[in-house]
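Per-entry structural report
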Amino acid sequence: MKVLIMAALIFIFSGNALADNDITFFKNETLETCYNKRMSPAVQNCMIYLSDKKKQDYEKEFKLLVKKAQESKNEFHNYNEFMKSIKSSKKNWDSYIKEECLAQAYLDENDSFAFHTDRNVCLIKGYSERITFYKNYQF
């Protein structure tokens, strides 16, 4: 029994160490560099890393848009309505991209390597487009 508990603890802690190494390993990845990897769990992990990174960038860009709007508050005719609408729009877009990418992934076998890869590629592209949209937003 003690051996099983020790084995489980070693497995859990080694998994955490691998997760930290993945962040360092995948630091400068792009879709192209992920696709250039040998077909292995590294491709899937690379896509997961990129998807998470793009989502963080997307959230950051939205916060910058809100901050710009707050700084320009006096120039708005309908500031409160704009803020309410832009936040609602983001919430709806977040729901849309999640479902859209799941729909694309379901074209593959459920929970397969291709399923997760295609879902994350879709998310990466969606977040990238939305980042550009927020960067180019005209007040």
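First, a word on scope: everything that follows refers to the structure included in this document. These figures come from a predicted structure and were not determined experimentally.

To continue, consider the side chain of Asn 120. Within the secondary structure, Asn 120 is located in helix 5 (residues 113–135). For Asn 120, a relative accessible area of 5% corresponds to the buried category. When neighbours within four sequence positions are excluded, Asn 120 is seen to be in contact with Met 47, Ile 48 and Ser 51.

To continue, consider the state of the cysteines. Scanning all chains against the criterion turns up one disulfide. Here Cys 101 is linked by a disulfide to Cys 122, with a sulfur-sulfur distance of 2.1 Å. Residues Cys 101 and Cys 122 are joined by a disulfide whose S-S torsion is about -75 degrees; by sign, that bridge is left-handed. Here Cys 122 lies in helix 5 and Cys 101 lies in helix 4 (residues 79–105), a separation of 21 residues in the sequence. In this structure Cys 101 comes out as buried when scored by relative accessible area, which is 0%. Exposure remark for Cys 122: the relative accessible area of 8% places this residue in the buried category.

Attention now moves to the packing of helix 3 (residues 41–71) against helix 4. Close contact between helix 3 and helix 4 brings their axes to 11 Å; oriented N to C, the two are set at 170 degrees. What the angle tells us is that helix 3 and helix 4 run roughly antiparallel. Seen from helix 3, the contacting residues are Tyr 58, Glu 59, Phe 62, Leu 65, Val 66, Ala 69 and Gln 70; seen from helix 4, they are Tyr 79, Phe 82, Met 83, Ile 86, Lys 87, Lys 90, Trp 93 and Asp 94. In terms of residue class, the contact of helix 3 with helix 4 is built from 10 nonpolar, one polar and four charged.

What follows is about unusual backbone geometry. The residue Asp 111 is not glycine, and still its phi comes out positive at about 65 degrees. Relative to the elements of secondary structure, Asp 111 occurs in the loop between helix 4 and helix 5.

Take the packing of aromatic side chains next. Counted under the stated rule, the structure contains 14 aromatic pairs. Here the aromatic rings of Phe 133 and Tyr 134 are separated by 5.8 Å at their centres, their planes lie at 55 degrees, and the arrangement is tilted. What makes Phe 133 partly exposed here is its relative accessible area of 39%. Residue classification places Tyr 134 among the buried positions, given a relative accessible area of 2%. Three or more aromatic residues joined by ring pairs form one cluster here, namely Tyr 58, Phe 62, Phe 76, Tyr 79, Phe 82, Trp 93, Tyr 127, Phe 133, Tyr 134, Tyr 137 and Phe 139. The lysine or arginine in question, Lys 90, covers the ring of Phe 62, its NZ or CZ lying 5.5 Å from the ring centre.

Definitions and limits used
Residues numbered from 1 in each chain as written. Predicted model: local features only at pLDDT ≥ 70, side-chain atom pairs only at ≥ 80, totals over all residues. Heavy atoms only, no water. Helix = DSSP H or I, 4+ residues; strand = E, 2+ residues; numbered from the N terminus. Buried < 20%, exposed > 50% of the residue type's maximum accessible area, 1.4 Å probe, protein only. Contact = heavy atoms within 4.5 Å. Disulfide = S-S within 2.5 Å. Axes fitted to C-alpha atoms, helices over the stretch in contact; angles between N-to-C directions. Parallel < 35°, antiparallel > 145°, perpendicular 65-115°, else oblique. Nonpolar A, V, L, I, M, F, W, Y, C, P; charged D, E, K, R; others polar. Phe/Tyr/Trp six-rings, centres within 6.5 Å; stacked < 30°, edge-to-face > 60°. Lys NZ or Arg CZ within 6 Å of the ring centre and 35° of its normal.

Purely spatial values, then, with no claim about function.
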